[in-house]
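# What the coordinates show
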Amino acid sequence: MNQENEARINHLLGQMTVDEKIGQLNQYFPRKSLNAGLLRQGLAGSVINASGALSGQGYSGSGNAEGCNHLQQLALEARLKIPLIFGRDVIHGYRTVFPIPLGQAAAFNPELAGQAAAVAAREASADGIKWTFAPMIDIARDPRWGRVAEGSGEDPFLGAQMAAALVRGFQGEELSAQDKLVACAKHFVGYGASEGGRDYDQGEISEPTLRDVYLPPYQAAVQAGVGTLMAAFIDLNGIPATANRHLLTDVLRGEYGFDGFVVSDWDSVKELVNHGIAEDEAHASLLALRAGVEMDMVSGVYLKTLAGSLRDGKISLEEIDEAVRRILRIKLRAGLFERPFTDITRAAREQLTPESRQLARKFARESMVLLKNDSDLLPLSGFGTVLIAGNFVHAGAELYGTWTADGRPEDVTPLDEALRQVAPPDVRLRFAESPDLALSFAQYADAVVLVLGEHPLRSGENANVSDLGLPPGQAELVAAMAALGKPLVLVVFAGRPLAIPRQVAQADAVLYAWHPGIEGAAALGEILFGLEAPSGRLPITFPRATGQVPVYYNQKNSGRPLSVDGEFRTRYVDLPTAPLFPFGYGLTYTRFRYDHLRLSAETLRGQLEISADLTNTGTRPGRELAQLYIRDLVGSLTRPVRELKDYQYVTLDPGETRRVRFKINEEQLAFTRADGTRGVEPGQFQVWIAPDSASGLPGEFRL
Ligand code: GLC
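Just so it is clear, the structure is predicted and the values come from calculations on it, not from any experiment.

## Overview of the domain arrangement of the chain
Accessible area lost upon the coming together of the parts serves often as the stated size of an interface. Taken domain by domain, the chain comprises domain 1 (3-348), domain 2 (352-548) and domain 3 (592-702). Using only C-alpha atoms to locate each centre, domain 1 and domain 3 end up separated by 37 Å. With 11 residues of domain 1 at the contact, the number on the domain 3 side is 10 residues. Across the domain 1/domain 3 interface, buried area totals approximately 840 Å², and carbon plus sulfur atoms make up 58% of it. Broken down residue by residue, the surface that domain 1 buries against domain 3 is led by Phe108, Phe157 and Asp212, which jointly contribute 61%. Remark: the boundary between domain 1 and domain 3 carries 1 salt bridge. Across the contact surface, domain 1 and domain 3 share 3 residue pairs in polar contact (both at pLDDT 80 or more). Mapped onto the side of domain 1 that touches domain 3, the elements with two or more residues apiece are helix 8 (156-171) and helix 9 (207-214).

Next comes the structure, spelled out in structure tokens:
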């Protein structure tokens, strides 16, 4: 903790009136409640969407910095000149839009995600923003949920790595630098377990599962120095996350040592009344503030009720001061007192640079996952005429995905044009968006690439689906096209795993592109025509059917697992039990073989090395993601059948063999035990070095 800053905070608190203190606890939405008077009286702590297309302040496009400077000027006319902090959802890019976070996770490259977050921070801060409501780090096991697009998938190990990398990317080493953003880990906690995959709903998570699955990314974010968190909408185990003192204070601050502040999610303080946990808005404000929500995002109930509650002795000035202290601490760390204004010349120089586009293209390439490639159809070669058809054939801004308010349609090269630019000169491309035209043109094509999938509006907030199949009409096109018997590639654009077993069977090759961002179409072309090879792996399990959800790799074994003979086993009568594709799965343009697993000892004392030979048995160079899984065979609580503990990409030339080495230590085997404590339990462990969570070379060791 910076003692100089703390002294400055104490000095300010000593000068602030009660109204000024309560004003700091409020974030305003410009078109809803903000006015110059509030600002000049020092009654505003933050403004959301003061810049960008939503500002409504007459500043759009590159004028965002002017818009924020204008509001900041008004705030600094107040008695104590406490600067505003400008917040916005900068989730996976600003002007340079990167793949959606679920696609970023598929690259299994947290360092690259951190680089992309740093670009987003540079671009957004040039427009006056200093606080992003990202990273979204909710573990998600239900693809019906629209927000699965915004997170890093189902695994706590990968999720924690991505959380830390994104926080460091947004915040940098020096948060007060002008090109950095205060990050906001969200939505604390367990929002991915919202029942039915429905936003704003309820969820039940046991304490052990909360601690071993949903909390690790948040602990990683706090350890990475995240400045803020956002409380979730979810009614978790009967206590809405916005009013959950055990989680927001005992765990987050008491155990993790978090010293920043928590903001509500939109009206979530006010909504405690709807949840039926608060009698009225004054009660809602007391519950939220006491739980540990320092700032009220746009609901206005803190402003409306806290002064009265203070007068009535329902809350103490010390409790209000502690909330103000945390907000001022982050504003000081962010350098806002020293640099409240934005250099308005930065945007033109620092946004959408060639380098950031190249990074976006690299990320898009690494995010795409090859799910099927029969007869090595991909990369396409030797086909004179290739038909590109489907609802994404002219896609432009649709490639951005959800939460991209500042990505501009004019900045993205439409898919057909991008493919023309990348395709080899001897390939004749034809394009058709309508199914009829596509089926007609296909007669004259040597190969067909269907580019289908979800419009971005089908993912993100409040975009939940009850059916994980392709959007209406698309399955029919795949079937009709497959019936023509031409070599058929299916490229799927989506913000979630889709249950597409029939379409996978009908196509010769399937490439999952998520929503790949501003350079996604060019990246797709590079992969389709072999300029680059796909290397992404699934960060989330793909179900065979909606009815199979929830299905995820790190499940428990049950008393009647399929691995044990017998008729009465955990399964469906109308569906194979295995998912369509397992966590960690992905192909590339060559093949790999794993051999000779070795452990440095039979018993783990301190550390153990696990290694195996990896050979490229194909004809092309390739990148393989070797994954390390363990299984704790017996525990005081039942244990997952697999847990990812490490991974590494290995690039090998054809015929090349390399020994892949992992190290594992005792701490990595710790879990929340039956008595509620975290630690290890002696016993037998299985271990795999594997290409995905459903296969690999097995080994055993004891602890
Ligand atoms: C929404 C989202 C949250 C977002 C906030 C501000 O309700 O749940 O993720 O950051 O509002 O836009």
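## Comments concerning helix 15 (residues 317-333)
With 17 residues, helix 15 ought to run about 24 Å at 1.5 Å a step, and its terminal C-alpha atoms sit 24 Å apart, in line with that. Among the 17 residues of helix 15, 12 are classified as buried, and the element is accordingly described as predominantly covered. Along helix 15, the positions that sit buried rather than exposed are Ile320, Asp321, Ala323, Val324, Arg325, Arg326, Ile327, Leu328, Arg329, Ile330, Lys331 and Leu332. At the exit of helix 15 stands Gly335, carrying a positive phi of roughly 80°.

## What to know about unusual backbone geometry
Cis geometry marks the peptide bond from Ala134 to Pro135, where omega comes out at 10°. With respect to the secondary-structure elements, Pro135 resides in the loop between strand 4 (131-132) and helix 8. Across the junction of Val549 and Pro550, the peptide omega takes the value 0°, indicating a cis bond. Among the secondary structure elements, Pro550 is positioned in the loop between helix 22 (520-528) and strand 18 (592-599). In this structure, Lys81 is a non-glycine residue whose phi angle is positive, near 50°. Relative to the helices and strands, Lys81 resides in the loop between helix 5 (64-75) and strand 3 (85-88). You can call Lys81 partly exposed: its relative accessible area is 47%. Positive phi, close to 55°, is recorded for Leu352, a residue that is not glycine.

## Observations regarding the sheet that holds strand 11 (residues 296-297)
In spatial order, the strands read 4-3-2-1-11; together these 5 strands make up an open sheet with parallel pairing. Strand pairing shows two members of the sheet lacking a second neighbour, strand 4 and strand 11, which therefore form its edges.

## Here we look at the sheet that holds strand 19 (residues 607-616)
What links the strands of a sheet is backbone hydrogen bonding, and the strands pair in either a parallel or an antiparallel sense. Strands sit in the order 18-19-22 across an open sheet of 3 strands; the sheet is antiparallel. Two strands bound the open sheet, and with one partner strand each, they are strand 18 and strand 22 (657-665). Sheet twist, expressed as the mean angle between neighbouring strand axes with direction ignored, is 25°. As paired strands, strand 19 and strand 22 are joined by 9 bridges and run antiparallel to one another. Bridging across to strand 22, Leu614 finds its partner in Arg658.

## What to know about the confidence of the model for the chain
Averaged over the chain, the pLDDT score is 96; the fraction of residues at 70 or greater is 98%. Predicted confidence is poor over residues 52-62, with pLDDT under 50, and the contacts of this stretch with residues over four places away or in other chains come to 26 contacts.

## What about the site of the ligand?
Around the ligand sit 13 residues in total, of which Asp89, Arg147, Lys186, His187 and Asp265 are the nearest. At a separation of 2.7 Å, an oxygen atom of the ligand approaches a polar side-chain atom of His187. Within the contact set of the ligand, an oxygen atom lies 2.6 Å away from a side-chain nitrogen or oxygen of Asp265. Relative to its unbound accessible area of 310 Å², the ligand is 94% covered by the protein chains. Per-class residue counts for the shell around the ligand are 7 nonpolar, 1 polar and 5 charged.

## A word on empty space enclosed by the protein
If you walk through the whole model with that rule in mind, you get 4 cavities of 30 Å³ or more. Looking at the largest cavity, its volume works out to about 170 Å³. Considering the residues around the largest cavity, the lining is formed by 19 residues, among which Lys130, Leu336, Arg339, Phe341 and Thr342 are closest to the centre. Partitioning the lining of the largest cavity into residue classes produces 8 nonpolar, 7 polar and 4 charged. The computed volume of the second largest cavity comes to approximately 110 Å³. Ile91, His92, Pro101, Gln104 and Leu166 are, among the 18 residues lining the second largest cavity, the residues nearest its centre. For the lining of the second largest cavity, the element with the highest residue contribution is helix 7 (residues 110-125), accounting for 4 residues. When its residues are assigned to classes, the lining of the second largest cavity shows 12 nonpolar, 5 polar and 1 charged.

## Points about the environment of Arg361
Mapped onto the elements, Arg361 comes out in helix 17 (residues 354-367). Taking C-alpha positions, Arg361 is 37 Å from Ile327, a pair spaced 34 residues apart along the chain. At 2.9 Å, the side chain of Arg361 forms a polar contact with the side chain of Glu526.

## Digging into the pairing of strand 17 (residues 509-512)
Residue alternation in strand 17 divides its side chains into two sets, Ala509 and Leu511 and Val510 and Tyr512, and both sets are buried. Here strand 12 (residues 369-373) pairs with strand 17 via 4 bridges, running antiparallel. Counted as the bridge partner of Val369 is Tyr512 from strand 17. Judged from the 4 bridges that link them, strand 16 (residues 488-493) and strand 17 form a sheet pairing that is parallel.

## What to know about the packing of aromatic side chains
On inspection of all chains with the given rule, the structure shows 20 aromatic pairs. When the ring of Trp131 is compared with that of Phe261, the centres are 5.2 Å apart and the planes differ by 70°; the resulting orientation is edge-to-face. Taken together, the positions of Trp131 in strand 4 and Phe261 in strand 10 (residues 261-263) put the pair 130 residues apart, joining distant regions of the chain. Judged by relative accessible area, which is 0%, Trp131 ranks as buried. Residue classification places Phe261 among the buried residues on the basis of a relative accessible area of 1%. For the ring pair Phe392 and Phe493, a centre distance of 4.5 Å and an interplane angle of 10° mean the geometry is stacked. With Phe392 in the loop between strand 13 (385-389) and helix 18 (415-422) and Phe493 in strand 16, this pair connects stretches of sequence that are 101 residues apart. Joined through ring pairs, the aromatic side chains of Phe108, Phe157, Tyr553, Phe583, Tyr629 and Tyr647 make up one cluster. When the ring centre of Tyr629 is taken as reference, the NZ or CZ atom of Arg642 above it lies at 5.3 Å.

## Section: the layout of surface pockets
A volume near 1,200 Å³ is recorded for the largest pocket. Around the largest pocket, the lining comprises 49 residues; the ones closest to its centre are Pro156, Arg211, Asp212, Val213 and Pro216. Elements represented by at least two residues in the lining of the largest pocket include exactly helix 8, helix 9, helix 10 (216-223), strand 21 (643-652) and strand 23 (671-672). The greatest single-element share of the lining of the largest pocket, amounting to 6 residues, is contributed by helix 9. Grouping the constituent residues of the lining of the largest pocket by class yields 21 nonpolar, 13 polar and 15 charged. Counting contributing residues, the lining of the largest pocket receives three or more from each of domain 1 (3-348) and domain 3 (592-702). Estimated volume of the second largest pocket: approximately 790 Å³. Tyr553, Gln555, Thr577, Pro579 and Val641 are the residues nearest the centre of the second largest pocket, which is lined by 28 residues in total. The class makeup of the residues in the lining of the second largest pocket is 14 nonpolar, 10 polar and 4 charged.

The rules behind the values
Residues numbered from 1 in each chain as written. Predicted model: local features only at pLDDT ≥ 70, side-chain atom pairs only at ≥ 80, totals over all residues. Heavy atoms only, no water. Domains from an automatic or database assignment. Contact = heavy atoms within 4.5 Å. Buried area = accessible area lost by both parts, 1.4 Å probe. Salt bridge = Lys/Arg side-chain N within 4 Å of Asp/Glu carboxyl O. Polar contact = N/O pair within 3.5 Å; in protein donor to acceptor, adjacent residues only side chain to side chain. Helix = DSSP H or I, 4+ residues; strand = E, 2+ residues; numbered from the N terminus. Expected span 1.5 Å × (residues − 1). Buried < 20%, exposed > 50% of the residue type's maximum accessible area, 1.4 Å probe, protein only. Pairing = 2+ DSSP bridges. Axes fitted to C-alpha atoms, helices over the stretch in contact; angles between N-to-C directions. pLDDT = per-residue confidence, 0-100. Near = heavy atom within 4 Å. Areas by Shrake-Rupley, 256 points an atom, 1.4 Å probe, with all protein chains shown as cover. Nonpolar A, V, L, I, M, F, W, Y, C, P; charged D, E, K, R; others polar. 1 Å grid on protein atoms, 1.4 Å probe; cavity = no way out; pocket = protein on both sides within 12 Å on 5 of 7 lines; lining within 4 Å. Points joined across faces, edges and corners; volume = space filled by probe spheres on them. Phe/Tyr/Trp six-rings, centres within 6.5 Å; stacked < 30°, edge-to-face > 60°. Lys NZ or Arg CZ within 6 Å of the ring centre and 35° of its normal.

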